[in-house]
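# Structural features, examined
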Amino acid sequence: MSNRIKIGLIITSLIVFISILTQYRMTNIEMNGISMLPTYQNKENVFFLNKRDNRIIKRGDVVRADKFTDSDSNKQYVKRVIGVPGDNILLHINGYVFSLNGERVVYDKVSNSESYLYQTVSQQESNAGVDFDLIPKNELNKYASFGTEFTETVGEHRHDIIMLVGGESRPKRDYIKHLIMNVVTRDIAFNEDGLAKIRVPKGAYFLMSDNRPIGVDGRHFGFVKESDISAVLP
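The paragraphs below set out a description of the structure included in this document. For clarity, every value in this text was computed on a predicted model and none was experimentally measured. (Residues numbered from 1 in each chain as written. Predicted model: local features only at pLDDT ≥ 70, side-chain atom pairs only at ≥ 80, totals over all residues. Heavy atoms only, no water.)

## Quick notes on the packing of aromatic side chains
The following threshold applies: Working definition: a ring pair exists when centres of Phe, Tyr or Trp rings (six-membered ring for Trp) sit within 6.5 Å. Plane angles under 30 degrees give stacked, over 60 give edge-to-face, the rest tilted. Per-residue accessibility, obtained with a 1.4 Å probe over protein chains only, is compared with the maximum for each type, and a residue is labelled buried under 20%, exposed over 50%, and partly exposed between these values.
On inspection of all chains with the given rule, the structure shows six aromatic pairs. Ring centres 5.0 Å apart and planes at 70° place the aromatic pair Phe 68 and Tyr 77 in the edge-to-face group. The pair formed by Phe 68 and Tyr 77 is uniform in burial state, with each residue classed as buried. Ring-pair connections join several aromatic residues into one group, and the members of that group are Phe 68, Tyr 77 and Phe 221.

## Describing the sheet that holds strand S7 (residues 103–104)
Put simply, the rule reads: Strand pairing is defined by DSSP finding a minimum of two bridges between the two strands. Numbering of helices and strands starts at the N terminus; helices are DSSP runs of H or I of at least 4 residues and strands are runs of E of at least 2.
Ordered by their spatial adjacency, four strands build an open sheet running S7-S6-S5-S12, and the pairing between neighbours is antiparallel. Only two strands of the sheet have a single neighbouring strand rather than two, namely S7 and strand S12 (195–199). With three bridges connecting them, strand S5 (residues 88–92) and strand S6 (residues 97–100) associate as antiparallel partners. Looking across to S6, one finds that Leu 90 is bridged to Ser 99.

## Some words on the nonpolar core
Keep this limit in mind: The nonpolar core is taken to be a set of buried Ala, Val, Leu, Ile, Met, Phe, Trp, Tyr and Cys residues, with the residues joined through side-chain atoms within 4.5 Å. We call two residues in contact whenever any of their non-hydrogen atoms come within 4.5 Å of each other.
Core analysis: the largest hydrophobic core is formed by 23 residues, its most contacted members being Ile 82, Ile 89, Leu 91, Val 97, Phe 190, Ile 198 and Phe 206. Broken down by element, this core gets its largest block of residues, three residues, from strand S13 (residues 204–208). Setting aside residues no more than four positions away along its own chain, Leu 91 makes contact with Tyr 96, Val 97, Phe 98, Phe 190, Gly 194, Leu 195, Ala 196, Ile 198, Phe 206, Met 208 and Arg 219.

## Notes on the pairing of S6
Counting the residues between successive antiparallel strands, the hairpin from S5 to S6 contains four residues, one of them, Gly 95, with a positive phi of roughly 100°. Strand direction decides the pairing type here: S6 and S7, joined by two bridges, are antiparallel. Residue pairing for S7: Leu 100 is matched across the bridge by Glu 103. Between the antiparallel neighbours S6 and S7 lie two residues, among them Asn 101 with a positive phi of about 55°.

## Observations regarding the sheet that holds strand S4 (residues 77–83)
Here seven strands make up an open sheet; going across it, the order is S1-S2-S15-S3-S4-S13-S14 and the pairing antiparallel. Two strands close off the open sheet at either side, each with one partner strand: strand S1 (26–30) and strand S14 (224–225). Alignment of strand S3 (residues 62–65) against strand S15 (residues 229–232), held across three bridges, turns out to be antiparallel. In the strand pairing of S15, Val 63 is matched with Val 232.

## Section: the environment of Val 84
With respect to the helices and strands, the residue Val 84 is situated in the loop between S4 and S5. For Val 84, a relative accessible area of 13% corresponds to the buried category. Separated by 122 residues in sequence, Val 84 and Phe 206 have C-alpha atoms that sit 6.6 Å apart. With near-sequence residues (within four places) excluded, Val 84 lies in contact with Ile 57, Lys 58, Arg 59, Val 200, Ala 204 and Tyr 205.

## A look at unusual backbone geometry
Backbone torsion omega between Leu 37 and Pro 38 reads 0°, so that peptide bond is classified as cis. Examined against the element boundaries, Pro 38 turns out to sit in the loop between S1 and strand S2 (45–50). Positive phi, close to 75°, is recorded for Lys 43, a residue that is not glycine. As for its placement among the helices and strands, Lys 43 is situated in the loop between S1 and S2. For Lys 43, a relative accessible area of 48% translates into the label partly exposed. You will see that Asn 101, though not glycine, has its phi angle at about 55°, which is positive. Of note, Asn 101 is situated in the loop between S6 and S7.

Below, the structure written as structure tokens:
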């Protein structure tokens, strides 16, 4: 490739970049916590585009939501779009999506993937300050449990998530009951088996964490209005 072509490509890239900056104001967001593992690490800085009215939000997009419909918290959430307006979803409370608009959602285990350490909210509080890297492997289960990385296919989008493995992939009723007790929203009604049929209403989206075992998201607080989504990953 000649130097003239290289210079031309560099100039073109700069024009595109400046054009993006002109149309959108970029927002640097620091990830707070591990609810978006394995995609984003705790404290990782990610650049989002401030959402404009003409931007189409798609399944699989990572967005910043200023609030969930049934949450009284002012906390901002970074989550993944699983359902768009009009979608019908069959969902388990542990984050397993059985079907989307009648089509089976595919999960493929990531080959040679590591087991991920996860903590419940109560464990995060009680284990504050614990350096998990210094804990012997055989003692880790005193503090947390493990999940395994899978590739989830939602519609046409593929992304990696963390799911429970082993016997816990089919949670016992007491565990399901515990999860259901943390549901605040009235938008979603989980039955005693932890299953719910969801229809995403007009002007709203259904969001979930990539780290399903510990994520606090649409399963707990319901849908997010489009007007409450303030930033989208480019």
